[in-house]
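Coordinates in review
So the chains spell out like this:
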Amino acid sequence: MSTVPHRRAARLPGPDAPPSFARARSKRAKVRAAGLDPDYWYPVEYDAALRPGTTLATRFWGHHIVVYRGTDGTLHALEDRCAHRQLKLSGGEVDGCRLTCTYHGWTYDGQGHVVHYAHDLFGRAQPEVRIPSYPVVSRHGLIWIFPGDPELAGQRRIPHIPEVTGARPWARLDASYTWHAHHSMIIDNVSDFTHAYLHRKYRPFWDARLTRHETRGDSVELAYDTFVGGGRFTSRFVDRSRVDTTGIELAFQYPYQRSDTGGSIKHWCFVLPMDRRTTRAFFLFYFDSLKIPGTRRQVPRVLMGPLMRLAGALAVKPLLRQDGVAVEAEQTGYEIHHAAPVVELNPAVGLFQDLTIRKWEEFLDRDRLRPRPSPIALADGRVPADAHR
Ligand code: FES
Ligand SMILES: [Fe+2]
């Protein structure tokens, strides 16, 4: 979304660029340089958007990854780099469960092995060449990759969301944006309700008072007393006689974010940290029921889908676009004024940032003990056999 003038003007790295993680001294500079631990599952695209026989070029923290769906319907994820001359494999051709590079026709299987060379081998035996592959699954209508150590993929869980998968799924609304902002700015934004002013036209929450904030393990939990869903559109559909809309609970359940209003209105925000200043955010909102405006009758289930699309267009997406404008402007401002003194009033924001910094340090420490750095650490600037700091 092109929203902020000059946001591409500040280039990284440069003499006036914000400091790297290793050089950062303040908490803010540290968190704005931190990556997200690749040893978690991250969504890259909606399942329906990747048709059989097509590829998706994506990135995780600067590392290029191709996800493709075989003509047989199977999903695969490889480093987006041909081992021969480093062309992007995402420009290649899918056949069955294989991907062929467009230049000399080297064909890769789903594990990244070159299984066929479309040219003479000059009398040699077929070389054994392999590029990294990544675990990939489809869940909640999204394609998820595990960019870190594949050995850990089975231990990590994609959040379980029974409300959208059961026999009577809740009404669901999806929205996704690629914003030119660091992922921590988005996590700050979605959980810090001091920015009600930005949404004064839509009033999704109003007059928020933080009543709880604490870190438990790898999760920051917080709650506000607030008036939820006061906008012209949403207020007509929310049944306040049944749903308590006077408070909201949120969590930064690393690396994901979620909220719950009265057990009936919930959302998840999943972020894909593409690089230091680019993040794709996937929002999944779900509602157990909505009422017909002017009555206390619930909207029939068959009308929920069309109503969700209307709500998305009229209420939710305009709101999220305001957030996008704000976080992109914050990124621009940070790149110019990263040395300015920090003024932060909401204590919950400090907890999000502490958690992001701690998890990134833990990843770097783990990675330093590995015989070879992960591609993510390399993409972040780590030099093999060198320290991170
Ligand atoms: S560059 Fe890919 S096959 Fe040669
Ligand atoms: Fe917002």
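Since this is a predicted model, take the numbers as computed values, not measurements.

About the criteria used
- Residues numbered from 1 in each chain as written.
- Chains lettered and ligands numbered in written order.
- Predicted model: local features only at pLDDT ≥ 70, side-chain atom pairs only at ≥ 80, totals over all residues.
- Helix = DSSP H or I, 4+ residues; strand = E, 2+ residues; numbered from the N terminus.
- Buried ≥ 20, exposed ≤ 12 C-beta atoms within 10 Å, placed from the backbone.
- Domains from an automatic or database assignment.
- Contact = placed C-beta atoms within 7 Å.
- Nonpolar A, V, L, I, M, F, W, Y, C, P; charged D, E, K, R; others polar.
- Pairing = 2+ DSSP bridges.
- Axes fitted to C-alpha atoms, helices over the stretch in contact; angles between N-to-C directions.
- Parallel < 35°, antiparallel > 145°, perpendicular 65-115°, else oblique.
- Left-handed = near helix turned anticlockwise from the far one by under 90°.
- Core = buried A, V, L, I, M, F, W, Y, C linked by C-beta atoms within 7 Å.

Attention now goes to the overall build of the chain. When you go through the chain residue by residue, the secondary structure sums to seven helices and 18 strands. The principal-axis extent of the C-alpha atoms belonging to the chain is close to 80 × 50 × 40 Å. For the chain, with 389 residues in total, the buried portion stands at 39%.

Below, the discussion takes up helix α3 (residues 183-191). Along α3, nine of the nine residues are buried, which leaves the element largely enclosed by surrounding structure. Taken as a whole, α3 has its buried residues at His183, Ser184, Met185, Ile186, Ile187, Asp188, Asn189, Val190 and Ser191.

Mapping Glu151 onto the fold places it in the loop between β11 (142-145) and α2 (162-165). C-beta crowding within 10 Å serves as the criterion here: with 9 such atoms nearby, Glu151 is assigned to the exposed category. A sequence separation of 112 residues divides Glu151 from Asp39, and the C-alpha atoms of the two residues are 9.3 Å apart.

Turning to the domain arrangement of the chain, a few remarks are in order. Segmenting the chain into domains produces domain 1 (9-40 + 169-389) and domain 2 (52-155). A C-alpha centroid distance of 31 Å is found between domain 1 and domain 2. Facing the 14 residues of domain 1 at the interface are 13 residues of domain 2. Mapped by element, the contributors of at least two residues to the side of domain 1 that touches domain 2 are β17 (265-275), β18 (278-287) and α7 (375-379). By residue number, the principal contributor to the side of domain 1 that touches domain 2 is β17, which donates four residues. Looking at side-chain class alone, the side of domain 1 that touches domain 2 contains nine nonpolar, two polar and three charged residues.

This next bit is on the sheet that holds β17. Reading across from one edge, β12-β18-β17-β16-β15-β14-β13 is the order of the seven strands in this open sheet, with antiparallel pairing throughout. In this open sheet, the two strands that pair with only one neighbour each are β12 (171-179) and β13 (205-216). Adjacent strand axes in the sheet meet at a mean angle of 15° when their direction is disregarded. As paired elements, strand β14 (residues 219-228) and strand β15 (residues 247-253) share seven bridges and run antiparallel to each other. Note that in β15 the partner of Ala223 across the bridge is Glu249. Against the sheet, helix α5 (residues 301-337) makes contact with β12 and β18, and its axis sits at roughly 25° relative to β12, the strand it touches most.

To continue, consider the packing of α3 against α5. Contact pair α3 / α5: the axes reach a minimum separation of 10 Å and the direction vectors enclose 135°. Comparing their axes, α5 and α3 come out oblique. By crossing handedness, the relation of α3 to α5 is classed as right-handed. On the side of α3, the interface is formed by Met185, Ile186 and Asn189, while α5 contributes Asp323, Ala326, Val327, Glu330 and Gln331.

Okay, the environment of Ala49 next. Its place among the elements puts Ala49 in the loop between β1 (42-46) and β2 (54-60). Of the residues examined, Ala49 has 13 C-beta atoms within 10 Å and is grouped as partly exposed. Sequence separation between Ala49 and Leu142 is 93 residues, and the spatial gap between their C-alpha atoms is 9.2 Å.

Taken together, the four strands give an open sheet; going across it, the order is β5-β6-β7-β8, and neighbouring strands pair in antiparallel fashion. A single partner strand is all that each edge strand has here, and the edge strands are β5 (93-95) and β8 (114-117). Between one strand axis and the next, the sheet turns by 25° as a mean value, whatever way the strands run. Bridge analysis of strand β6 (residues 98-100) against strand β7 (residues 106-108) gives two bridges, and the strand direction is antiparallel. Bridged to Leu99 within β7 is Tyr108.

This part takes up unusual backbone geometry. Note that the residue after Tyr254, namely Pro255, is joined by a cis bond; omega there is 0°. With phi around 60°, His140 is a residue other than glycine that occupies positive phi space. With respect to the secondary-structure elements, His140 resides in the loop between β10 (136-139) and β11. For His140, a count of 20 C-beta atoms within 10 Å puts it in the buried group. Phi is positive for Asp207, which is not a glycine, with a value near 60°. If you trace the backbone, Asp207 turns up in strand β13. Residue Asp207 is classed as exposed on the basis of its 12 C-beta neighbours within 10 Å.

A word on the nonpolar core. Considering soluble globular proteins, one finds that nonpolar side chains tend to be buried as a cluster. With 86 residues, the main nonpolar core has Tyr42, Val67, Val136, Ile145 and Ile186 as its most contacted residues. Summarising the domain contributions, this core has at least three residues from each of domain 1 (9-40 + 169-389) and domain 2 (52-155). Excluding residues that lie within four positions of it along the chain, Tyr42 makes contacts with Phe60, Trp144, Ile145, Pro147 and Leu272.

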